[in-house]
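Coordinates in review
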Amino acid sequence: MCGMNAIRSPMAEVIAKRLLPHDIYVQSAGVRAGDSDPFVEVVLSEIGLSMPKKHQPRTLEDLEDDYFDVIVTLSPEAHHQALELTRSSAVEVIYWPTLDPSVETGTRDQVLEAYRRVRDELWRRIEARFVRPGVQEEQRI
């Protein structure tokens, strides 16, 4: 979960779906629905992944399922909302502060490098926290 479900959380969703068993429900959302960001597709395609064609930025209220064991938040705003929403439930809320690469300025290559850093950091965090050693080895890049 992040601010607008346009960059960080959709990237995390695609990576998690790649690394985790298929029977684990993974869905991204934002505090607000933003606009899709074309740089996300560029940096995902560099590692053989892509955004689902049907992905539209969405909020938690837009999700079909509202039962979660874990919510990973990537921005302060998302973390605050997740804590509010789960105040009376047994949901683990994890905060992974993640920079918004869309604020990067400079050349196209410099901006893409910021997106790559976010992608790679999300991959490392998801793998370290949720992937058990020896499981899904054939699905890793």
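Quick look at the structure, then. In this text, all values refer to a predicted model and were calculated from it rather than measured experimentally.

Despite not being glycine, Asn 5 shows a phi value in the positive range, around 50 degrees. Residue placement: Asn 5 occurs in the segment before helix 1 (8-19). Of the residues examined, Asn 5 reaches a relative accessible area of 0% and is grouped as buried.

The subject of this paragraph is the packing of aromatic side chains. For any pair of aromatic rings, geometry is given as the distance between the ring centres together with the angle between the planes. Tallied over the full model, the rule gives three aromatic pairs. Judged by centre distance (5.2 Å) and plane angle (50 degrees), the rings of Phe 39 and Tyr 115 are tilted. Of the two residues, Phe 39 is situated in helix 2 (residues 38-45) and Tyr 115 in helix 4 (residues 108-130); the sequence distance between them amounts to 76 residues.

This part takes up the packing of helix 1 against helix 4. How two helices sit against one another is set out by the angle between their axes and by the gap between those axes. Closest axis-to-axis distance for the helix 1/helix 4 pair is 9 Å, and the angle between their directions is 45 degrees. The angle between helix 1 and helix 4 falls in the class oblique. The crossing of helix 1 and helix 4 is right-handed. Note on element contacts: helix 4 touches helix 1 through Tyr 115, Val 118, Arg 119, Leu 122, Trp 123, Ile 126 and Glu 127, opposite Arg 8, Met 11, Ala 12, Ile 15, Ala 16, Arg 18 and Leu 19. Class assignment of the residues belonging to the contact of helix 1 with helix 4 gives a composition of ten nonpolar, no polar and four charged.

Calculation rules
- Residues numbered from 1 in each chain as written.
- Predicted model: local features only at pLDDT ≥ 70, side-chain atom pairs only at ≥ 80, totals over all residues.
- Heavy atoms only, no water.
- Helix = DSSP H or I, 4+ residues; strand = E, 2+ residues; numbered from the N terminus.
- Buried < 20%, exposed > 50% of the residue type's maximum accessible area, 1.4 Å probe, protein only.
- Phe/Tyr/Trp six-rings, centres within 6.5 Å; stacked < 30°, edge-to-face > 60°.
- Axes fitted to C-alpha atoms, helices over the stretch in contact; angles between N-to-C directions.
- Parallel < 35°, antiparallel > 145°, perpendicular 65-115°, else oblique.
- Left-handed = near helix turned anticlockwise from the far one by under 90°.
- Contact = heavy atoms within 4.5 Å.
- Nonpolar A, V, L, I, M, F, W, Y, C, P; charged D, E, K, R; others polar.

Nothing here speaks to function; it is geometry throughout.
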